[in-house]
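Residue-level structure breakdown
In case you want the letters, here they are:
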Amino acid sequence: MEVSDKLVLPKAKALPLLGSIFEFAPNPIGFLGKNFSALGENFTFYIGPRKLVATSDPFVFEHVLQLNHRNYSKDFAMHQLSLALGRGLLTNEGESWWKQRRLAQPAFYKKRLDALFEVMFNISNEYIKGLKARNSKQPTFIDKEMMALTSDIAIITLLGTEKTDELIYMQQKFVDVQEHLIKRIRNPFFAPFSHLDGSHNQFNKIMETFDKIIYRIIDEKKKSVPGNDLITMLLEAKDADTGEGMSDKQLRDELITIYVAGHETSGYTLAWAFYAIGKNPEVYAKVKAEVNSVFSKGFQGMDTLKELVYTRQIIDETLRLYPTAYLLSRLIKENDRVNGVALPEGHVVLLSTLYLHRNKKYWQNPEVFNPERFGENGEKEAIKKAYYPFGGGPRMCIGNHFALMETTLVLGMMMYHFDFTLVEDQKIDFQPLVTLKPRYGIQTHLRESKN
Ligand code: HEM
């Protein structure tokens, strides 16, 4: 298909040859925001040899992720991520991806997730007991606590093992791994240089340690009694045509992907939820009233989750305003167009979830944190059209129900057991790595509630 001239998009200001590298690489969120305001919902830019289309337009999201998804593949960002994640579900493509997705899907069926709910409750309870026992007078970095708790949940429910120092090391080191890969993704000139300055070597060494940890878990799991965890399901999964199981390498790739994808996104979502609640006293009062009424009855299995209606709305609204998967990307295979927007072959389309979720055409007062949008009389049209926290189409997040169940439960329990205020005058900023990290953390004064 030819791309008509009429469809050519506005271009961001650029330096000859280098394009927008100095603006985009250090601050992609600022760069995208500035240009969406100046140029509209869609614009093009380039970074050295790479050509990109940036979008905050729901028609483009729907077209790329769903309606014409076959014309789009994962791009150089995913090739870089695959240096750490191998060919796990997130980075894999084609027939091999489809085969793996079918094998992993049953682990995320509703019935199985329901069975995990009590496990999540028990892990959170233990963690909260530990947090109370620490009774620290120092501010609590709530982002670190939430990452540690969601990591515990992932280790037990997904990897089927106990928390060890090695796994704590892996969780913490993954920030360094991401920083390295993100530099290589955003700056095409850094990739060759990183082989000279020793940073890629260092990255490879960290990955070797990760591999040893994961392969050891696989070995131990093969020798032990099957458990109610993802790794057992993957070990038992057989290809419908050949009857073959997964190789150890494939298992390693899936486990590391699901561990990373499965706790960091949830951990930071919880951290941003605390930030938003701390900034909004009416939201704080309303969620407190709900959790006091729900948890004072004791744990009621799945009914507890069903009753955490407002808590869930807070999670939904957090995923709108602070979507941890803030940017998705795809390579355009052949010239395409949608709703007056040209999508030229060879360009990468950057789907800015963060700005789509703040698009004024669809959301009322989008900068305001308002969980009522997701209530009975909420903004149903916008939710249907302009809300993609878990992506869309066939590559939509496999763990979305797991994540919503986990974050709603953890937020509810934390709000029941603790009172908190945000530390005043702290600096809050985004650190857009693979997920949306709070750059300086989020500090709270956390006190045990007198329930
Ligand atoms: C709040 C939490 C989460 C958010 C915001 C989130 C977001 C996303 C998004 C946007 C995608 C699509 C990426 C793309 O299209 O390029 C994705 C994919 C994926 N997510 Fe999540 N995720 C979350 C939690 C989880 C959890 C808990 C798990 C596992 C237990 C998980 C596992 C995965 C996997 C394996 C994929 C790749 C799926 C495929 O391509 O087949 N995620 N996630």
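Scope of this entry: the structure provided in the associated data block. This is a predicted model, so every value here is computed, not measured.

What counts, and at which threshold
Residues numbered from 1 in each chain as written. Predicted model: local features only at pLDDT ≥ 70, side-chain atom pairs only at ≥ 80, totals over all residues. Heavy atoms only, no water. Helix = DSSP H or I, 4+ residues; strand = E, 2+ residues; numbered from the N terminus. Rg over C-alpha atoms; globule rule 2.2 N^0.38 Å. Buried < 20%, exposed > 50% of the residue type's maximum accessible area, 1.4 Å probe, protein only. Contact = heavy atoms within 4.5 Å. Areas by Shrake-Rupley, 256 points an atom, 1.4 Å probe, with all protein chains shown as cover. Lys, Arg positive; Asp, Glu negative; His and termini not counted. Charge placed at Lys NZ, Arg CZ, Asp CG, Glu CD. Donors = N, O, S within 2.8 Å, 3.2 Å for Na, K, Ca; no water. Near = heavy atom within 4 Å. Polar contact = N/O pair within 3.5 Å; in protein donor to acceptor, adjacent residues only side chain to side chain. Nonpolar A, V, L, I, M, F, W, Y, C, P; charged D, E, K, R; others polar. Pairing = 2+ DSSP bridges. Arc of directions from axis to C-beta. Axes fitted to C-alpha atoms, helices over the stretch in contact; angles between N-to-C directions. Parallel < 35°, antiparallel > 145°, perpendicular 65-115°, else oblique. Salt bridge = Lys/Arg side-chain N within 4 Å of Asp/Glu carboxyl O. Phe/Tyr/Trp six-rings, centres within 6.5 Å; stacked < 30°, edge-to-face > 60°. Lys NZ or Arg CZ within 6 Å of the ring centre and 35° of its normal.

**Remarks on the overall build of the protein**
Scanning the protein for helices and strands turns up 18 helices and twelve strands. At 22 Å, the protein has a C-alpha radius of gyration in line with the 22 Å of a compact globule built from 451 residues. For the protein, the spread of C-alpha atoms along the principal axes amounts to about 65 × 55 × 45 Å. Within the protein, the proportion of its 451 residues that are buried is 56%. A fraction of 74% describes how many contacts in the protein between residues 6 or more apart in sequence connect residues 24 or more apart. Counting every atom, the protein has about 20700 Å² of accessible surface; 54% of that belongs to carbon and sulfur. Here the protein contributes 57 positive and 54 negative side-chain charges, whose respective centroids are spaced 2 Å apart.

**Let's talk about the coordination of the iron atom of the ligand**
Its sole protein donor being Cys397 (SG), the iron atom of the ligand sits 2.3 Å from that atom. Within the secondary structure layout, Cys397 lies in the loop between α17 (380–385) and α18 (400–417).

**Remarks on the site of the ligand**
Around the ligand, the structure places 27 residues, and the nearest of them are Trp97, Arg101, Arg330, Arg395 and Cys397. A distance of 2.8 Å separates an oxygen atom of the ligand from a polar side-chain atom of Arg330. Where the shell around the ligand is concerned, the elements lending two or more residues are α5 (94–104), α12 (248–279), β5 (327–332) and α18. Residue contributions to the shell around the ligand peak at six residues, all from α12. For the shell around the ligand, a count of residues per class yields 16 nonpolar, seven polar and four charged.

**Digging into the sheet that holds strand β9 (residues 418–422)**
Across the sheet, three strands lie side by side as β4-β12-β9; this open sheet has antiparallel pairing. Sheet topology places β4 (140–141) and β9 at the edges, where each strand pairs with a single neighbour. As paired elements, β9 and strand β12 (residues 443–448) share five bridges and run antiparallel to each other. Residue pairing for β12: Asp419 is matched across the bridge by Arg447.

**Quick word on the pairing of strand β2 (residues 50–55)**
Counting buried residues in β2 gives five out of six residues, a clear majority hidden from the surface. As judged from the six bridges shared by strand β1 (residues 42–47) and β2, these two strands associate in the antiparallel manner. Paired with Ile47 across the bridge in β2 is Arg50. Counted between consecutive antiparallel strands, the loop separating β1 from β2 contains two residues, among which Gly48 sits at a positive phi close to 55 degrees. Pairing of β2 with strand β8 (residues 348–352) involves four bridges; the strand directions are parallel. Across the sheet, Val53 pairs through a bridge with Val349, a residue of β8.

**So, helix α4 (residues 76–85)**
Within α4, the full set of buried residues consists of Ala77, Met78, Gln80, Leu81, Ala84 and Leu85. One side of α4 carries all its buried residues, which in axial view fall inside an arc of 155 degrees.

**Some thoughts on the side chain of Arg252**
With respect to the element layout, Arg252 can be found in helix α12. Reaching out from Arg252, the side chain makes a polar contact with the side chain of Asp211 at a distance of 2.8 Å. Those residues in contact with Arg252, other than ones at most four positions away along the chain, are Ala84, Leu85, Gly86, Met207, Asp211, Ile214, Tyr215 and Ile218.

**Describing the packing of helix α8 (residues 165–186) against α12**
Two quantities define a packed helix pair, namely the angle between the helix axes and the distance between the axes. Two numbers describe how α8 lies on α12: the axes approach to 12 Å, and their chain directions differ by 85 degrees. When the axes of α8 and α12 are compared, the pair comes out roughly perpendicular. Only Ile256, Tyr259, Val260, His263 and Glu264 of α12 make contact with α8, whose side of the interface consists of Leu167, Met170, Gln171, Phe174 and Gln178. Looking at the contact of α8 with α12 residue by residue, the class counts come to six nonpolar, three polar and one charged.

**Remarks on the pattern of salt bridges**
Counted under the stated rule, the structure contains 24 salt bridges. Here Lys173 ties to Asp176 by a salt bridge, and the two come within 3.1 Å at their closest N and O atoms. Placement of both Lys173 and Asp176 in helix α8 is noted, with a separation of three residues, approximately one turn of the helix. The exposure class of Lys173 is partly exposed, given its relative accessible area of 26%. Judged by relative accessible area, which is 34%, Asp176 ranks as partly exposed. The closest approach of N and O atoms between Lys222 and Asp248, which form a salt bridge, is 2.7 Å. Placement of the pair is Lys222 in helix α10 (residues 199–223) and Asp248 in helix α12, with a sequence separation of 26 residues.

**Side note on the packing of aromatic side chains**
What characterises a pair of aromatic rings is the spacing of the ring centres plus the angle enclosed by the ring planes. Under the defined criterion, the tally for this structure stands at 24 aromatic pairs. Here the aromatic rings of Trp272 and Phe430 are separated by 5.4 Å at their centres, their planes lie at 70 degrees, and the arrangement is edge-to-face. Here Phe430 lies in strand β10 (residues 430–432) and Trp272 lies in helix α12, a separation of 158 residues in the sequence. Both residues of the pair, Trp272 and Phe430, count as buried. Feature note: the residues Phe24, Phe31, Phe36, Phe43, Phe45 and Tyr355 constitute an aromatic cluster, connected by ring pairs. Directly above the ring of Phe76 sits Arg50, whose terminal nitrogen or CZ lies 3.7 Å from the centroid. Sitting above the plane of the Phe141 ring, Lys144 keeps its charged end 4.7 Å from the centroid.

Taken by themselves, the reported measurements are silent on function.
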